[in-house]
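One-letter residues, chain by chain:
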Amino acid sequence: MEQDDRKLLDAVAAGHIRSAARLITRVERDDPAMVAMLQALYRMGGRSKVVGVTGPPGAGKSTLISSLVGHWRRHGLKVAVLAVDPSSPFSGGAVLGDRLRMMDHSGDGGVFIRSMASRGHLGGLSRATGDALTVLDAMPWDIVLIETVGVGQNETDIMRHAAVVVLLQTPMGGDDVQAAKAGINEIGDIFVVNKADHKEADRTVQMLAEMIALGQRLHAERIWKPPVVKTQATTGDGVADLAAQIDRCFAANANGMPAALHRARTRMRFRVGEILRDMLDRRMRAEDGQWLEDLLDPVLARESDPYALAQRMLERAGG
Ligand SMILES: Nc1nc2c(ncn2[C@@H]2O[C@H](COP(=O)(O)OP(=O)(O)O)[C@@H](O)[C@H]2O)c(=O)[nH]1
Ligand SMILES: [Mg+2]
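Just so it is clear, the structure is predicted and the values come from calculations on it, not from any experiment. Per chain, residue numbering runs from 1 following the sequence as it is written. Working convention: letters from A go to chains and numbers from 1 go to ligands, in the order in which they are written. Totals for whole chains, interfaces and linings use every residue, but because this is a predicted model, local features are given only for residues with pLDDT of at least 70 and side-chain atom pairs only at 80 or more, for both listing and counting. Note that water and hydrogens are dropped before the side-chain values are worked out from all heavy atoms of the structure.

A. Geometry of the packing of helix α1 (residues 3-13) against helix α2 (residues 17-28). Axis angles are defined between N-to-C directions and span 0 to 180 degrees, where every axis is a line fitted to C-alpha atoms and, for a helix, only to the segment in contact. Secondary structure elements follow DSSP: runs of H or I no shorter than four residues count as helices, runs of E no shorter than two count as strands, and numbering proceeds from the N terminus. At a minimum axis separation of 8 Å, α1 and α2 run at an interaxial angle of 120°. Looking at the two axes, α1 sits oblique to α2. α2 is crossed by α1, and the crossing has left-handed handedness. Residues D5, L8, A11 and V12 of α1 touch α2, and the partners they reach there are S19, A20, R22, L23 and R26. The residue classification treats Ala, Val, Leu, Ile, Met, Phe, Trp, Tyr, Cys and Pro as nonpolar and Asp, Glu, Lys and Arg as charged. All others, Gly included, are polar. Partitioned by chemical class, the residues of the contact of α1 with α2 number 5 nonpolar, 1 polar and 3 charged. Here is the rule for angles: anything less than 35 degrees is roughly parallel, anything more than 145 is roughly antiparallel, 65 through 115 is roughly perpendicular, and the remaining ranges are oblique. In a left-handed crossing the near helix is turned counterclockwise from the far helix by less than a right angle, and in a right-handed crossing that turn is clockwise. By definition in these notes, contact holds between two residues if any of their heavy atoms fall within 4.5 Å.

Structure below.
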């Protein structure tokens with residue numbers, strides 16, 4: 001590791017925001033020298049509470065996050081926010097940044113906000129998000145929030161980096177709730193019905209609660225029962241309640257529940273897989289690129305096959 005990089009690590013550990021921003025930019029650029037840095041950063045980290053906030057576009061995630069940040073700042077906590085919006089590479093974070101500036105949190109050094117851009121390769125976005133979290137987690141943040149749009153596999157992958165996942169819904173009619181039921185119980189630790197000022201809000205809360213109760217009956221092994229919180233992000237109503245539920249969820253995890261350890265192991269297994277796929281991908285693009293090129297024609301001529309080639313590639317990577 002270069003001397004300058006060592007200095008950067010020390011600065012990040014001390015909470016220097018601009019150094020962290022520089023490292024995250026290098027993560028986004030796929031700088032190979034970051035691997036050694038990330039190894040050191042990972043070993044330094046582990047104190048921040050990582051909270052994921054997900055939900056459909058327009059549900060109010062950015063508004064709610066800025067309200068939550070305000071709540072935590074008033075309690076003296078330091079908060080970092082990572083906005084990951086593959087659908088609009090820069091706007092998600094920009095909107096959030098504007099909101100926070102409006103609320104006057106951005107100047108106080110206790111808040112850091114950063115948007116992650118996909119730069120075209122969606123597969124790597126979750127890995128890059130994990131790396132950015134590794135940087136932030138090595139700093140003295142009490143809470144690190146990730147905002148991402150909750151549609152599609154890639155976004156679900158991003159939520160796997162969070163220890164506690166908040167799933168945002170907006171008030172909806174009966175049919176929409178039926179449609180939303182499929183699958184969402186798997187990723188939410190806390191359900192939020194935002195835009196409580198809309199008329200269907202109570203009905204939506206009720207239906208989500210029923211859906212969760214059903215899920216609990218079907219899965220007796222689940223100890224944590226996801227609460228449903230009603231918020232109005234624009235006014236801050238319900239935000240203190242949401243913050244309390246987030247605390248409760250971390251406290252439950254910290255009590256050494258086997259389920260929490262199981263989830264931490266699942267997250268780490270996923271992370272290792274993500275890094276491994278990325279390493280192989282890089283090799284294919286870089287040092288093994290020409291080697292692979294030369295072996296494609298025999299496969300096309302059916303003298304070999306893609307499985308044999310993949311196997312050889314794996315053996316080569318191992319050597
Ligand atoms: N009426 C109402 N509007 C809200 C509420 N929360 C957010 N909004 C509005 O919903 C729109 C989308 O909010 P935004 O936070 O950008 O959503 P995101 O795409 O999920 O991040 C904005 O115009 C917000 O002002 C709420 O509680 N009530
Ligand atoms: Mg947003």
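B. Up close: the pairing of strand β1 (residues 49-55). Counting buried positions over the 7 residues of β1 gives 6, a clear majority of the element. One requirement defines pairing of two strands: DSSP has to find at least two bridges between them. Strand direction decides the pairing type here: β1 and strand β4 (residues 143-149), joined by 7 bridges, are parallel. From the neighbouring strand, K49 faces β4, where its bridge partner is I143. Any residue under 20% of the maximum accessible area for its type is buried, any over 50% is exposed, and the rest in between are partly exposed; the area is computed with a 1.4 Å probe on protein chains only.

C. Structural view of a nonpolar patch on the surface. Nonpolar side chains (Val, Leu, Ile, Met, Phe, Trp, Tyr) within 5 Å and like charges within 9 Å form the patches, drawn only from residues with over 30% relative accessible area and no salt bridge. Surface accessibility in these figures is a Shrake-Rupley result with a 1.4 Å probe; residues are shielded only by whichever protein chains are displayed. Within this document, salt bridges are pairs made up of a side-chain nitrogen of Lys or Arg and a carboxyl oxygen of Asp or Glu, the two lying within 4 Å of each other. On the surface, a nonpolar cluster with roughly 300 Å² of combined accessible area is contributed by Y42, M268 and V272. Within the secondary structure layout, V272 lies in helix α11 (residues 258-285).

D. The side chain of R271, seen in detail. Relative to the helices and strands, R271 resides in helix α11. R271 sits in the buried class, given a relative accessible area of 13%. Side chain to side chain, R271 and D131 meet in a polar contact 2.5 Å long. Ignoring any residue separated from it by four or fewer positions in sequence, one finds R271 in contact with R127, G130, D131, T134 and H161. Each polar contact in these results corresponds to two N or O atoms within 3.5 Å; when the atoms are within protein, one needs to be able to donate a hydrogen and the other to accept it, and residues that are neighboring in sequence are counted only if both atoms are side-chain atoms.

E. Fine view of the site of ligand 1. Around ligand 1, 17 residues are found, and the nearest of them are G58, K61, S62, T63 and D197. For ligand 1, an oxygen atom lies 2.9 Å from a polar atom in the backbone of S62. E147 has a polar side-chain atom sitting 3.2 Å from an oxygen atom of ligand 1. For ligand 1, whose accessible area on its own is 580 Å², the fraction buried by protein is 73%. Residues are labelled near a given molecule or strand when at least one of their non-hydrogen atoms is within 4 Å of it.

F. Molecular detail of the coordination of the magnesium ion (ligand 2). The donor set comprises N, O and S atoms within 2.8 Å of the metal, extended to 3.2 Å for Na, K and Ca; water molecules are omitted, so apparent gaps in a site may simply reflect that omission. The protein atoms donating to the magnesium ion (ligand 2) are S62 (OG) and E147 (OE), with metal-donor distances spanning 2.2 Å. Of the two residues, S62 sits in helix α4 (residues 61-74) while E147 sits in strand β4, which places them 85 residues apart along the sequence. Each member of the pair, S62 together with E147, is buried.

G. View of the pattern of salt bridges. Throughout the structure, instances matching the rule amount to 18 salt bridges. E274 is paired through a salt bridge with R271; the nearest N and O atoms lie 3.7 Å apart. Of this pair, E274 and R271 both sit in helix α11, separated by 3 residues, roughly a single helical turn. Several salt bridges converge on common partners, so that one network encompasses D30, R127, D131, R271, E274, D278 and R282.

H. How the structure looks around the packing of aromatic side chains. Stacked, edge-to-face and tilted labels apply to pairs of Phe, Tyr and Trp rings (six-membered ring for Trp) whose centres lie within 6.5 Å, assigned for plane angles under 30 degrees, over 60, and everything in between, in that order. Overall, the coordinates contain 1 aromatic pair when judged by the stated rule. Taken together, a centroid distance of 6.2 Å and an interplanar angle of 20° make the contact between F112 and W141 stacked. Taken together, the residues span a long stretch of sequence, with F112 in strand β3 (residues 111-116) and W141 in the loop between α6 (122-137) and β4 at a distance of 29 residues. Judged by relative accessible area, which is 5%, W141 ranks as buried.

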